[in-house]
Amino acid sequence: MCFFRINSLLTVIPGLRALAIAIPVILHVFSSCDKGTEPTITGNTIALTNCTLIDGTGHAPILNAAIVISDGLIVAVGPADSTTVPTDARVMNVHGATVLPGFINAHVHSGFDRENLATWANSGVTTVRDLAGPSSFAWKEKISKDPYCALLVAAGPMISVPNGYPLVPWGSPNMLPVNSPEEAQIEVAQLLDSGADIIKLAMESGEAFKMTIPSLTPEEALAAVNAAHQHGTIASAHVLVTRDLARAVEAGVDDIAHMVVDYLPDSIIDVMLDDSVLWVPTLELWHHVGGGMGEAAVSNLRKYVQAGGKIALGTDFDGYNARFELGMPMHEMEWMSQAGMSPMQVIVAGTRNAALACNRLADLGTLEAGKIADVLVVNGNPLEDIHNLANIRLVIHRGVIIRDLES
Ligand SMILES: [Zn+2]
């Protein structure tokens, strides 16, 4: 929601009350995100066999599957009898454990923090999407080479207007104010050229805070979204209520960064389905806000899911004055389950769909040949109990074994 901790929002804003062995590759040359050096890549190959494969696409699991990884990439994956394991591969029999894509948290703050990134990676969250806050794109590039840190996908400052959100109400300067569609187009282009991966628009008009906050005009929002698309990336929108959601959808944004907590009409859902808009609910944020907001968010999520809407996993980590779950976001997934999402739907939200929200589905989010080898192996079947996602056996990030509880 915002970018730094604030003493009790409910006090400040009364309005809200109402509402490596590096694998194949490998020499285990360092063991934590702290050391800042690259692993030595030797070109060796690893094969996981006897897997229960959940590939992130939503397809039914494959029993007795295998996956072959080499030089940081998945080179083959599928049923054991049709997946060739090279004779020189290091074979690891996982004895029926479940093999999934590395998970992605598609809404965090404090992503520009080495320790946080290391904790995420170690828990199987191999990518996070930072949706605005203090950021250094040069540091992001450097840290992205370290497999012991989660990959950081970042928006940088929000596109907003003078005296707009998040300066008001939070006092946060992490925004780029624009005064015209032309300025919006220029700022977005410059931001992406400087290293931002995606764009975040502040569509906050203040209703949730019982105040009026100036925000992007329809023309400015449209120009910003179009500029992002012209640069081959996506635009996410901060909204908290349906009125602002409608403005964001009208501008053509690709994903919505929070669930709304007021009445959600079918007419907007219909437009969102037509446009394949992703929704990142941040149920953890809303439960921290309290006052029934968590339940309202779960209820609207249920409505969107039942209508066939696409969901991506995201918590708003550190976006509020509360202790968010660092690592695998089990609480968020429990609330998603309460909204009627099946374990498979939750898994797809945390893998394929979250990769979409990062504009990285081409190389992340599913276990398919040619993609980056971000792999999570857990004991037990998360389709039977989603909590099994916390029973980690092995984490592979960028082809490097960064956690192996068997060794
Ligand atoms: Zn946020």
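**Some points on the overall build of the chain**
Then, in step 1: Regarding its fold elements, the chain presents 14 helices and 18 strands.
Then, in step 2: Considering the chain as a whole, with its 407 residues, one finds that 57% of them fall into the buried category.

**Quick look at the sheet that holds strand β7 (residues 125-130)**
Then, in step 1: The three strands are arranged β6-β7-β8 in an open sheet whose pairing can be described as parallel. Each end of this open sheet is capped by a strand with a single partner; those strands are β6 (103-108) and β8 (151-154). Averaged over all adjacent pairs, the angle separating strand axes in this sheet is 20 degrees, with direction ignored.
Then, in step 2: Looking at chain direction, β6 and β7 are connected through four bridges and run parallel. Residue Val 108 lies in a different strand from β7, and its bridge partner there is Asp 130.

**Some details on the nonpolar core**
Then, in step 1: Among the nonpolar cores identified, the biggest contains 137 residues, and Ile 67, Ile 199, Leu 201 and Ala 224 are the most heavily contacted of them.
Then, in step 2: The residues that make up this core include at least three from each of domain 1 (9-19 + 102-357) and domain 2 (33-100 + 368-404).
Then, in step 3: Every residue in contact with Ile 199, bar those within four places of it in the chain, is listed here: Ala 155, Ile 159, Val 188, Leu 191, Ala 224, Ala 228, Thr 233 and Ala 235.

**Comments concerning the pairing of strand β16 (residues 375-378)**
A regular strand places its side chains on the two faces of the sheet in alternate fashion.
Then, in step 1: The side-chain alternation of β16 yields two buried faces, one formed by Val 375 and Val 377 and the other by Leu 376 and Val 378.
Then, in step 2: Relative to β16, strand β5 (residues 98-101) runs antiparallel, the two being bridged by four bridges. Bridged to Val 99 within β16 is Val 377.
Then, in step 3: As paired elements, β16 and strand β17 (residues 392-397) share four bridges and run antiparallel to each other.

**Things to note about the pairing of strand β1 (residues 45-53)**
Then, in step 1: Among the nine residues that make up β1, seven are buried, leaving the element largely enclosed by the rest of the structure.
Then, in step 2: Looking at chain direction, β1 and strand β2 (residues 62-70) are connected through six bridges and run antiparallel. Across the sheet, Leu 48 pairs through a bridge with Ile 67, a residue of β2.

**Quick word on the environment of Trp 286**
Then, in step 1: Secondary-structure assignment places Trp 286 in helix α10 (residues 283-289).
Then, in step 2: With 29 C-beta atoms counted inside 10 Å, the residue Trp 286 sits in the buried group.
Then, in step 3: Sequence separation between Trp 286 and Ala 296 is ten residues; the distance between their C-alpha atoms is 8.5 Å.
Then, in step 4: In contact with Trp 286, other than residues within four places in its own chain, are Met 259, Val 261, Met 293, Gly 294 and Ala 297.

**Quick look at helix α11 (residues 293-306)**
Then, in step 1: Taking 1.5 Å of rise per residue, the 14 residues of α11 would be expected to cover 20 Å, and the 20 Å separating its terminal C-alpha atoms lies within 8% of that figure.
Then, in step 2: Those residues of α11 lying buried are Met 293, Gly 294, Ala 297, Val 298, Asn 300, Leu 301, Tyr 304 and Val 305. Viewed end-on, α11 has its buried residues packed into an arc of 170 degrees, placing them on one side of the element.
Then, in step 3: On its buried side, α11 packs onto α9 (266-274), β14 (278-279), α10, β15 (310-311) and α12 (330-338).
Then, in step 4: Looking one or two places after α11, you find Gly 308, whose phi comes out positive at around 100 degrees.

**Here we look at the packing of helix α8 (residues 242-251) against α9**
Then, in step 1: Contact geometry of α8 with α9 gives a least axis separation of 11 Å together with a crossing angle of 30 degrees. Relative to α9, α8 is oriented roughly parallel. In the crossing of α8 with α9, the sense of the turn from one axis to the other is left-handed. Where α8 approaches α9, its residues Thr 242, Leu 245, Ala 246 and Val 249 are matched on the opposing element by Ile 268, Val 271 and Met 272.
Then, in step 2: Split into classes, the residues belonging to the contact of α8 with α9 amount to six nonpolar, one polar and no charged.

**A short note on unusual backbone geometry**
Then, in step 1: A cis geometry characterises the amide bond from Tyr 165 onward to Pro 166, with omega recorded as 5 degrees.
Then, in step 2: Tracing the sequence through the fold places Pro 166 in the loop between β9 (158-160) and α5 (167-170).
Then, in step 3: At Asn 359, a residue that is not glycine, the phi angle is positive and equals roughly 60 degrees.
Then, in step 4: Secondary-structure assignment places Asn 359 in the loop between α14 (352-357) and β16.

**What about the confidence of the model for the chain?**
Then, in step 1: Summarising the model, the chain shows a mean pLDDT of 91, and 89% of its residues fall at 70 or more.
Then, in step 2: A low-confidence stretch, residues 3-32 stays under pLDDT 50, and its non-local contacts, those more than four residues away or across chains, total 90 contacts.

**Focus: the packing of helix α7 (residues 218-230) against α8**
Then, in step 1: Contact pair α7 / α8: the axes reach a minimum separation of 8 Å and the direction vectors enclose 50 degrees. Classified by the interaxial angle, the pair formed by α7 and α8 is oblique. Note on packing geometry: the crossing formed by α7 with α8 is right-handed. Judged by residue contacts, Pro 218, Ala 221, Leu 222 and Val 225 of α7 engage Arg 247, Glu 250 and Ala 251 from α8.
Then, in step 2: Counted by class, the contact of α7 with α8 contains five nonpolar, no polar and two charged residues.

**Concerning the environment of Glu 207**
Then, in step 1: Turning to its location among the elements, Glu 207 is positioned in the loop between β11 (199-202) and α7.
Then, in step 2: In sequence terms Glu 207 and Thr 242 are 35 residues apart; their C-alpha atoms lie 9.7 Å from each other.
Then, in step 3: Residue contacts for Glu 207: discarding those within four places in its chain leaves Val 241 and Arg 243.

About the cut-offs
- Residues numbered from 1 in each chain as written.
- Predicted model: local features only at pLDDT ≥ 70, side-chain atom pairs only at ≥ 80, totals over all residues.
- Helix = DSSP H or I, 4+ residues; strand = E, 2+ residues; numbered from the N terminus.
- Buried ≥ 20, exposed ≤ 12 C-beta atoms within 10 Å, placed from the backbone.
- Pairing = 2+ DSSP bridges.
- Axes fitted to C-alpha atoms, helices over the stretch in contact; angles between N-to-C directions.
- Core = buried A, V, L, I, M, F, W, Y, C linked by C-beta atoms within 7 Å.
- Domains from an automatic or database assignment.
- Contact = placed C-beta atoms within 7 Å.
- Expected span 1.5 Å × (residues − 1).
- Arc of directions from axis to C-beta.
- Parallel < 35°, antiparallel > 145°, perpendicular 65-115°, else oblique.
- Left-handed = near helix turned anticlockwise from the far one by under 90°.
- Nonpolar A, V, L, I, M, F, W, Y, C, P; charged D, E, K, R; others polar.
- pLDDT = per-residue confidence, 0-100.

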